[in-house]
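# Survey of secondary and tertiary structure
Next come the chains, spelled out residue by residue.
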Amino acid sequence: GVDALLTGPSRYLVLGANNAEMRAGGGMILQVGPLEIVDGRFSAGDFQPTDVMQVAPGLVEVDPDVKTLWGALKPAEEWRNTNLTPRFDTTGELTSQMWEALGGGEVTGVMAIDVPAIEALLELTGPVTLDSGEVVSADQVREDLLLGQYEDFEDRDARRDRLGELAGAVLDAIDNEGVSAAELIQVLRDMGARRHLMMWSSDSVQQAAWEELGTSGVPEADSVLLSVMNRSANKLDPFQAVTANMTTVPSEAGTRVGVEVTVTNNAPLGLPSYVAGPADGTGLAEGEYRGIVSLTIPGAAGNVVSDGGTLVALGDDGPVRVAAREVRVPRGETVTVNFDFEFLEGWEGFTVLPSARVPSTEWSGPGGEWSDGRARRVELETGG
C-alpha cells in the first residue's frame, strides 16, 4: 500500500489542521490543498482557506450517525465541522466528496496534518523557506502556528494562508532534501499513533496500509476518546488545561466506569484579539472559552449518563458511542463534566486514545497517571 502511494500516480487531499482550535481527536481543518505523488516525488498544490469554501446544501451526503449527532452544525457544508467525529475514515470520505463537489477534482485519498506533525516532518527535512523569504524550522514552528502568527499578523488576510503554505513547503521539501522512504514511514507511524497525522484512501490496499501503520485514525469498537471541541471562534485551546479522572467499580451487571473531566481556562491577559476573542455574535467575554466536552466510548457500553453543562449529543457513532455536553469557561475558572457508563460482566477492558490536544489531556485512573499523547490500555475487574 505504501509502495503504491509513493510510486503513484497518487492524488491526495491534504487537510491542514490547527491545534489552537480543536475538534474531535484532531485540530480544526483550516486549510486544504492537493498533493501529487509520482515516482516518489511530492508536489503540493495551492492551499485554500476553508472558511470561504462552503459547500451548497444537498451536494454531499454525510454519514447517517454523524448527521444524527451533529447535523445542526452542517458537517457536509462547513469544512471546519467535518471532524466532529473522531472516525477519520468518515471524515476522509466526506472531505474528498466536498473537494470534488467544489470542482477540485477526484482524489484517491485524504491526509490530515496538524502542527506537531509539521514539526516532526521539519525535523526530517530541516528548515524550509516560504515565498516571503521567511525561514521556518522545527524548533519554532509550534509556537509560531499556535500563537506567534496571530501576534505577528493582525490582518487576517495577510496571515490566513500561512498554515497551508507551510504544510505545502514541508511536503515539497521531502523531495528537495532527499528524505528516505523508511524515515518518512517512521514519522507517519509515530505521528499516526498520536493522531497528529491521519490518512484515508478509497483504495482498499492503501487503506489497509494506513490501518497497519496505525495512521488510519479509526477508533476500534473498544475505544475511549475524550475531546474538547472549540465553539468559541477563538484560538484558546492551548490555554485550556484538560484533566480526566477515571474510576471503575464492580456492579451487578459487570463494571461501572466514571470519567470526571475538568477544563481550566488559563488564558493570560494581553493575547491578540483574534486569539482571545470575543468574536462577533458569540456572546462571550474576552478570554472566555466555550467548548463541547465529548466522550467517545465503546459501542458495547450501556446505561450512559452525564452531567455538567448542556447535553448536545448522545448516540451511536459507527462502532462506538458518544456523549457530549457544552460548557462555558471564563478566564481563570474551571468547569467539570461527569460521564458514567457500564459494561456487562466479561468485558476485559478498553483503550484510551490520544486526543491530539496541545498540551495533552492528563489522565488518572486504574494503573496510575498518563498523558494522552499515546494510546493507553485500561483493564477492568468485573463484578457479578
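None of these values were measured; they are calculated from a predicted model. (Residues numbered from 1 in each chain as written. Predicted model: local features only at pLDDT ≥ 70, side-chain atom pairs only at ≥ 80, totals over all residues. Heavy atoms only, no water.)

## Some remarks on the packing of helix α4 (residues 115–125) against helix α7 (residues 162–176)
- One way to put it is that α4 packs onto α7 with a least axis distance of 10 Å and a crossing angle of 35°. Here the hand of the crossing between α4 and α7 comes out left-handed. Two secondary-structure elements touch here, α4 through I118, L121, L122 and T125 and α7 through L163, L166, A167, V170, A173 and I174.
- Looking at side-chain class alone, the contact of α4 with α7 contains 9 nonpolar, 1 polar and no charged residues. (Axes fitted to C-alpha atoms, helices over the stretch in contact; angles between N-to-C directions. Helix = DSSP H or I, 4+ residues; strand = E, 2+ residues; numbered from the N terminus. Left-handed = near helix turned anticlockwise from the far one by under 90°. Contact = heavy atoms within 4.5 Å. Nonpolar A, V, L, I, M, F, W, Y, C, P; charged D, E, K, R; others polar.)

## Examining the nonpolar core
- Core analysis: the biggest nonpolar cluster contains 47 residues, and L35, I118, L122, V128, L166, M199 and W210 have the highest contact counts within it.
- By residue number, the principal contributor to this core is α7, which donates 8 residues.
- Contact partners of I118, with chain neighbours within four places excluded, come to I113, V141, L145, L163, L166, A167 and V170.
- Counting residues in hydrophobic clusters, the runner-up holds 38 residues, among them V224, V263, A267 and A323. (Core = buried A, V, L, I, M, F, W, Y, C linked by side-chain atoms within 4.5 Å. Buried < 20%, exposed > 50% of the residue type's maximum accessible area, 1.4 Å probe, protein only.)

## Considerations on helix α8 (residues 181–193)
- Under the 1.5 Å per step criterion, the end-to-end length of α8 is 18 Å for 13 residues, consistent within 8% with the ideal 18 Å.
- Within the sequence span of α8, burial applies to L184, V187, L188, M191 and G192. Around the axis of α8, the buried residues are gathered within 125° of arc, so they sit on the same side.
- Along its buried surface, α8 packs onto α1 (2–7), β3 (41–44), α4, α7 and β8 (197–201).
- Once α8 ends, the next one or two residues include R195, with phi positive near 65°. (Expected span 1.5 Å × (residues − 1). Arc of directions from axis to C-beta.)

## Description of the sheet that holds strand β12 (residues 289–298)
- The 6 strands are arranged β14-β15-β12-β9-β17-β20 in an open sheet whose pairing can be described as mixed. Bordering the open sheet on either side are β14 (310–317) and β20 (376–379), each of which pairs with just one other strand. Strand-to-strand, the axes of this sheet are offset by a mean angle of 20°, without reference to chain direction.
- Note that β12 and strand β15 (residues 320–329) share 10 bridges and pair antiparallel. Bridge pairing in β15 places G291 opposite V327. (Pairing = 2+ DSSP bridges.)

## Let's talk about the packing of aromatic side chains
- Taken as a whole and judged by the stated rule, the model has 5 aromatic pairs.
- Taken together, a centroid distance of 5.7 Å and an interplanar angle of 5° make the contact between W363 and W370 stacked.
- Judged by relative accessible area, which is 7%, W370 ranks as buried.
- Pairwise contacts between aromatic rings join F341, F343, W347 and F350 into one cluster. (Phe/Tyr/Trp six-rings, centres within 6.5 Å; stacked < 30°, edge-to-face > 60°.)

## Here we look at the side chain of R23
- Along the polypeptide, R23 turns up in strand β1 (residues 10–23).
- E21 provides the closest opposite charge to the buried, unpaired R23, separated from it by 5.5 Å.
- For R23, the side chain forms a polar contact with the side chain of N81, separated by 2.9 Å.
- Excluding residues within four positions of it along the chain, R23 makes contact with M28, R80, N81, N83, L84, S227, M229, N230 and R231. (Lys, Arg positive; Asp, Glu negative; His and termini not counted. Salt bridge = Lys/Arg side-chain N within 4 Å of Asp/Glu carboxyl O. Polar contact = N/O pair within 3.5 Å; in protein donor to acceptor, adjacent residues only side chain to side chain.)

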